[in-house]
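Each chain, letter by letter, is given below.
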Amino acid sequence: AGWHFWGAMTTTHIRAPHMRRRIAALSLAWWRFTRTDAAIHHARTMGTCANCVVYDASGNLEDTQEPIHEMMTDDVVHARLLAAPVNPADVNAVQGKYPSAPTPPAVGGLEGLFEITKVTNATRGWSVGDKAIAINSTHGTWRTHGTFASQGALVKVHPETDVAFGATLKVTFATAHTMLRKYFLETCERYKGSVVVTGANSHVGRATLQLCSAWGIRTFGTARDDREDWKELQQELTELGGGTDMCTVVPSGSLRDARRASSYPPAVLCVDGVGGDAAREAIAILADSGTHVVYGGMSRKPVTVGAGSLIFRDVSVRGFWMTRWYKEANFSEVQAMVDDLVHLHREGHLVAGAVVRRPLCAESVREGMASPPRGTKLLLVPQCD
């Protein structure tokens, strides 16, 4: 804040050359001070120092502290973190493989749930205690506290929103919601088609099953059955999809037989986070002019489509990247999507998957990256305010 204030004074208010030089020197001194041990000590003493998890260009993670300036203006709010997940995209960002990640060194984290802690009397739309999700993917959410623009950087959610749900809304639930809206609800009549979900046990897969159930859409789900608890998983996913009348979950490789035995409407959309063989068998059962949407590649194998599917059946293959949607959508569209998801959550239609809570620190992230918790999501939680 100090840098921008003095910069404005230099360019707009101060005309004398010697004064401009003095102001520039002061601004540079302030910028250096904010990154010194003295500034961090002062911020810690005043209770305004954020603990952060930062990654460098080599993918190394470390704990650091970032001073939060006390100076408040009407266009910023202060907030404290309630929880932030570690998503596959976060891991890719640390490893230097995510296209829109900020230039390292940078604070990690693409999403999180925050609580507003400080506003000015003239701040519009926010009050202390409000819950909000951060939608600026370059800000970094692995921080105990943060300063955000009051307009456009945060989206308010209902105060009774579950912490795990709110912390994973921006990526997991928003991805499923936006794909279904764009490629199903806006392009075909709701009850005249079904949806295929590969990797149905993934977090986005589970969210897709729940949304389809809430909207009355029948689903086919596939997942690998090379696990001891396959029967329990199959039952769990079927219940998320609305029960046996609404959802059929089968092992990967059995989709064609399940489709033949089913009385569901034609499969007009596949939501694919796996690729490889799972994608190939899903494309094989799509109806003419069906759409196969790829949002992930957990198998690390390509999506292959036979020429006959493209020529004779007019199957379309599309890619979907939630980050691009956020960049292209206006704020009212984002707010409407969030409101719809929170409404469905409060109505009992959407619940967050299993989470493992760990302290917000570099060691927690390292452990999660080295041994990702199977079937659960790692949730970073500050230990103190």
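Everything below is about the structure printed above this text.
Summary of the structure given here. Bear in mind the structure is a predicted one, so any value in this text is a computation, not a measurement.

This part is about the side chain of asparagine 87. Note on placement: asparagine 87 falls in the loop between strand 3 (76-86) and helix 4 (88-94). Side-chain polar atoms of asparagine 87 contact the side chain of glutamate 111, separated by 2.8 Å. Excluding anything up to four places from it in sequence, asparagine 87 contacts Glu111, Val171 and Lys377.

This part is about the sheet that holds strand 4 (residues 106-107). The strand order across the open sheet formed by three strands is 2-1-4, and the pairing between neighbours is antiparallel. At either end of the open sheet lies a strand with only one pairing partner, and these are strand 2 (61-67) and strand 4. In the sheet, strand 1 (residues 49-55) pairs with strand 2 via seven bridges, with the strands oriented antiparallel. Considered in strand 2, the bridge of valine 53 is made with aspartate 63.

On to the sheet that holds strand 12 (residues 267-272). Taken in spatial order, the six strands line up as 11-10-9-12-13-14 in an open sheet, and their pairing is parallel. This sheet does not close on itself; its edge strands, each paired only once, are strand 11 (247-251) and strand 14 (316-319). Geometrically, the sheet is characterised by an average inter-axis angle of 20 degrees between neighbouring strands, direction not taken into account. In the packing of helix 6 (residues 169-185) onto the sheet, the strands contacted are strand 9 (194-197), strand 12, strand 13 (286-294) and strand 14, and the crossing angle to strand 12 comes to about 155 degrees. In this fold helix 10 (residues 276-285) packs onto strand 9, strand 10 (219-223), strand 12 and strand 13, with an angle of close to 150 degrees to the strand it touches most, strand 13.

Here we take up the nonpolar core. If you look at the biggest cluster of nonpolar residues, it comprises 53 residues, and the most contacted ones within it are Val195, Leu269, Val338 and Leu341. For this core, the leading source of residues is helix 6, giving nine residues. Those residues in contact with leucine 341, other than ones at most four positions away along the chain, are Phe165, Leu169, Phe173, Ala174, His177, Leu211 and Leu350. Judged by nonpolar contacts, the second largest core, of 33 residues, contains Tyr98, Ala153, Leu154 and Leu380.

Basis of the calculations
Residues numbered from 1 in each chain as written. Predicted model: local features only at pLDDT ≥ 70, side-chain atom pairs only at ≥ 80, totals over all residues. Heavy atoms only, no water. Helix = DSSP H or I, 4+ residues; strand = E, 2+ residues; numbered from the N terminus. Polar contact = N/O pair within 3.5 Å; in protein donor to acceptor, adjacent residues only side chain to side chain. Contact = heavy atoms within 4.5 Å. Pairing = 2+ DSSP bridges. Axes fitted to C-alpha atoms, helices over the stretch in contact; angles between N-to-C directions. Core = buried A, V, L, I, M, F, W, Y, C linked by side-chain atoms within 4.5 Å. Buried < 20%, exposed > 50% of the residue type's maximum accessible area, 1.4 Å probe, protein only.

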